[in-house]
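Given next are the chains, with one letter for each unit.
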Amino acid sequence: MVLSDRTIKQMLEDGRIVVDPLGENCIQPASIDVHLDRQILVFRNSRRPYIDVREDMSDLTEMVTIDDDRAFMLHPGEFVLGSTLEHIELPNDLVARLEGKSSLGRVGLLIHSTAGYVDPGWKGHLTLELSNVANLPITLYQGMKIGQISYSQLSSAADRPYGSPGLGSKYQGQLQPTASKVYEEFKRAYINQKKEYR
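Cut-offs applied
Residues numbered from 1 in each chain as written. Predicted model: local features only at pLDDT ≥ 70, side-chain atom pairs only at ≥ 80, totals over all residues. Heavy atoms only, no water. Core = buried A, V, L, I, M, F, W, Y, C linked by side-chain atoms within 4.5 Å. Buried < 20%, exposed > 50% of the residue type's maximum accessible area, 1.4 Å probe, protein only. Helix = DSSP H or I, 4+ residues; strand = E, 2+ residues; numbered from the N terminus. Contact = heavy atoms within 4.5 Å. Salt bridge = Lys/Arg side-chain N within 4 Å of Asp/Glu carboxyl O.

Chemist: Before we move on, could you go through the nonpolar core and cite the residues and values that matter?
Modeler: Residues Leu36, Leu130, Ile146 and Tyr151 are the most contacted members of the largest nonpolar core, which totals 36 residues. Where this core is concerned, the elements lending two or more residues are α1 (5-14), β3 (31-35), β4 (39-43), β6 (72-74), β9 (94-100), β13 (127-132), β14 (138-140) and β15 (145-153). Not counting the four nearest positions on each side in its chain, Ile146 is found in contact with Val34, His35, Leu36, Gly100, Lys101, Leu104, Leu109, Ile111, Leu128 and Leu130.

Here it is, written out as structure tokens:
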């Protein structure tokens, strides 16, 4: 069941859903609009010959800041990581979907590749996977509406919400665009394998 604007407003008032700051007129019929923060993680492709998912590749990206009076230019085929201006929190019995704004999709801006799903128990700013599939550069401005979150009710509260000990939640509490930490899964698997052979 997708939550309506009436239920979203009530859950915001009750503190069960957190969207902070909540922009004026951002509650839509069944979603909440979110905005682009000023920090962007840009990939510096000359630093590595390829991406090895087993290794920490944090040196592959560099944080840049969008100025108040200037746009960040996202070129055709370019991929960067952004972040929601809003801090988002979900209770243990809701999931959320992050989707792009239709008007931005119509000019070729995609805001996520696969990370549109927000787990129950999530707390933090959502990382955006921004890509330009148009043939011309697209301007990105700090504070612009960038996407929308819709909420769905679970059949019951999650036993192990995101951030639970032992779950391996890599991004809980993030405050800015965060590069992939998939390498941590390989480290964990290696450690567990070593334990088995002892």
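Chemist: Report on the pattern of salt bridges, specifying residues and quantitative values.
Modeler: This model, assessed by the stated rule, comprises 11 salt bridges. For Arg48, the salt bridge identified is with Asp59, shortest N-O distance 2.9 Å. Here Arg48, found in the loop between β4 and β5 (61-65), pairs with Asp59, found in the loop between β4 and β5; they are 11 residues apart in sequence, far enough to count as distant. Assessed through its relative accessible area of 22%, Arg48 is described here as partly exposed. Overall, the relative accessible area of 36% leaves Asp59 in the partly exposed class. Salt bridges sharing partners connect three or more residues here, namely Asp33, Lys101 and Lys145.

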